[in-house]
Amino acid sequence: MKVYSTISALQEYVSKLKLEGKSIGFVPTMGALHYGHISLVNSAITQCDITIVSIFVNPTQFNNQEDLLNYPRTLESDIELLSTIDCDIIFAPSVQEMYPEKSVSIQLDLGNLAEVMEGKFRPGHFDGVVNVVSRLFEIVKPDKAFFGLKDFQQVSVIRFMTNFLKLPIEIIACPTLREQSGIAMSSRNMRLSESEKEDSLIIFNSLCFAKKLASNQTPDEVKANVIDYFKNGKLALEYFEIVNPITLEALSSQWVPNATACIVAFCGEVRLIDNMNLKIQD
Ligand code: AMP
C-alpha cells in the first residue's frame, strides 16, 4: 500500500496505473476510520482494480471552528487499519496542498438540496463539500466513487454535482454500518463515553419508531410523534424531517416510495446524524 501526501506524486503513480487500463475506485474520508468506512473501501476493492482512500479533514466544510478543532485525527492507526485490507493507495494531503494560495473555488447553485436540513443548520457546509470533492475528483479521476448513505443529503449533493459538471464518475451509495446496538458508526462516536453511547441510542430508536408508525400514519403525524418521543431521552434534537429521497422536500400528508427520515441530535457537544428509509420499495 502506498501513502502519498502530494498531488504530483499521487498523480504520477495513478496515471501509470490508468495507462495499464486499471479501473480506479475512490473513497473520500476525513479519517478516524471505523468499519463504516471500511465497508466503503471493501466495496471499492470488490468493484475496481485499484482502490484509493483519501484522508483529509476539510476545513471548508466546518461552519463551527470548535467542531473542526475537536475532529479526531488518527492518521497512523488509519494507515494501519487500511494496510490490513487490500487498499492500494492512501492520499493524505495537507491543507496547504489541497488549498494553495491561488486556488479558486467553484460555486454551484444546489437549490433546495442545500437549503434544507444540513444546509439550513450548517450554512456553507455543502459549498465546502462540493469544493473538496470536486477537487479530489479532479486529482484522482476515479471511475467510481463510494459514499455512505449515513450522510444521506451529501449523497444527493454529490450526485447533483457530478451530473452538473458532467464528470464521468459513477457514484455508488453504500448502506450505513451500525454497532450491534443500532447506533450508526461514526468517527464522532470516539468522543462519546459508554453512557453517552447508550443515551445516543435514542436516535436509532426514534428512526425505528418512525418506521413502525409510518405503516398507518401520515408523515406529519409520524414527525410529531417522534419529536414527542425524543423528549424522553437526554439528547438535544436539532431536526427530524421526513423527506422525498430525490428532491429532499419535506413530506406532510402523502408518502412517496423510499421516504426517508433524517435526524440530527447533540449528545453534549457531539453532533450525531442518522437516517432511515421508512418505505422501502423493492
Ligand atoms: P467521513 O470520514 O465522516 O467524511 O465519512 C467518509 C465516508 O464514509 C462518507 O461517505 C460517509 O457517509 C461514510 N460513512 C461514515 N460513517 C458510515 C457508516 N456508519 N456506514 C457507512 N458509511 C459511512
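That block above? That's the structure.
Okay, so let's go over this structure.

Reading the values: the criteria
Residues numbered from 1 in each chain as written. Predicted model: local features only at pLDDT ≥ 70, side-chain atom pairs only at ≥ 80, totals over all residues. Heavy atoms only, no water. Helix = DSSP H or I, 4+ residues; strand = E, 2+ residues; numbered from the N terminus. Contact = heavy atoms within 4.5 Å. Patch = residues over 30% accessible without salt bridge, like charges linked within 9 Å, V, L, I, M, F, W, Y side chains within 5 Å. Areas by Shrake-Rupley, 256 points an atom, 1.4 Å probe, with all protein chains shown as cover. Salt bridge = Lys/Arg side-chain N within 4 Å of Asp/Glu carboxyl O. Buried < 20%, exposed > 50% of the residue type's maximum accessible area, 1.4 Å probe, protein only. Phe/Tyr/Trp six-rings, centres within 6.5 Å; stacked < 30°, edge-to-face > 60°. Lys NZ or Arg CZ within 6 Å of the ring centre and 35° of its normal. Pairing = 2+ DSSP bridges. Axes fitted to C-alpha atoms, helices over the stretch in contact; angles between N-to-C directions.

For the rest of this paragraph, the subject is the environment of Asp-199. The residue Asp-199 is located in helix α9 (residues 194-213) in this model. C-alpha separation for the pair Asp-199 and Val-57, spaced 142 residues apart in sequence, amounts to 27 Å. Other than its neighbours up to four places away in sequence, Asp-199 contacts Lys-234 and Leu-235.

On to a nonpolar patch on the surface. Taken together, the side chains of Ile-106, Phe-164 and Leu-165 present a nonpolar region at the surface, about 250 Å² in accessible area. Its place among the elements puts Leu-165 in the loop between α8 (152-164) and β6 (170-174). Leu-165 gets classed as partly exposed once you look at its relative accessible area, which sits at 31%.

So, about the pattern of salt bridges. Taken as a whole and assessed by the stated rule, the structure comprises 11 salt bridges. Here Asp-274 and Arg-178 are joined by a salt bridge, their closest N and O atoms 2.9 Å apart. Of the two residues, Asp-274 is situated in strand β9 (residues 270-277) and Arg-178 in the loop between β6 and α9; the sequence distance between them amounts to 96 residues. For Arg-178, a relative accessible area of 25% puts it in the partly exposed group. As a salt-bridge pair, Lys-197 and Glu-194 come within 3.9 Å of each other at their nearest N and O atoms. Within this pair, Lys-197 and its partner Glu-194 are both found in helix α9, separated by 3 residues, close to a single helical turn.

Let's shift gears to the packing of aromatic side chains. Aromatic ring pairs: the centre-centre distance and the angle between the two ring planes describe each pair. This structure, assessed with the given rule, holds 8 aromatic pairs. Ring centres of Phe-26 and Phe-137 lie 6.3 Å apart, and the angle between their planes is 70°; this geometry places the pair in the edge-to-face category. With Phe-26 in strand β2 (residues 24-29) and Phe-137 in helix α7 (residues 125-140), this pair connects stretches of sequence that are 111 residues apart. We classify Phe-26 as buried; its relative accessible area is 0%. Centroid distance Phe-209 to Tyr-229: 4.8 Å. Interplanar angle 35°. Geometry classified as tilted. Residue Phe-209 is located in helix α9, and its partner Tyr-229 is located in helix α10 (residues 219-230); the two are separated by 20 residues in the primary sequence. Taken together, the ring pairs connect Phe-26, Phe-137 and Phe-147 into an aromatic cluster. Sitting over the ring of Trp-255, Lys-279 keeps its end group 4.7 Å from the ring centre.

The pairing of strands in a sheet comes from backbone hydrogen bonds and takes either a parallel or an antiparallel form. With respect to topology, 6 strands assemble into an open sheet ordered β1-β4-β3-β2-β5-β6, the strand pairing being parallel. Two strands bound the open sheet, and with one partner strand each, they are β1 (2-4) and β6. Mean inter-strand twist for the sheet, computed between neighbouring axes without regard to direction, equals 25°. By the bridge criterion, 5 bridges tie strand β5 (residues 144-148) to β6 in an arrangement that is parallel. Each bridged residue has a counterpart across the sheet, and for Lys-144 the counterpart in β6 is Glu-170. Against the sheet, α7 makes contact with β2, β3 (50-55), β4 (89-91), β5 and β6, and its axis sits at roughly 150° relative to β2, the strand it touches most. Contacting β5 and β6, α8 runs over the sheet at an angle of about 170° to β6.

Turning our eyes to something else, we now look at the environment of Val-116. Turning to its location among the elements, Val-116 is positioned in the loop between α5 (95-98) and α6 (118-121). For the pair Val-116 and Leu-248, spaced 132 residues apart in sequence, the C-alpha to C-alpha distance is 7.5 Å. Once you skip the residues sitting within four places of it in the chain, Val-116 turns out to touch Gln-153 and Leu-248.

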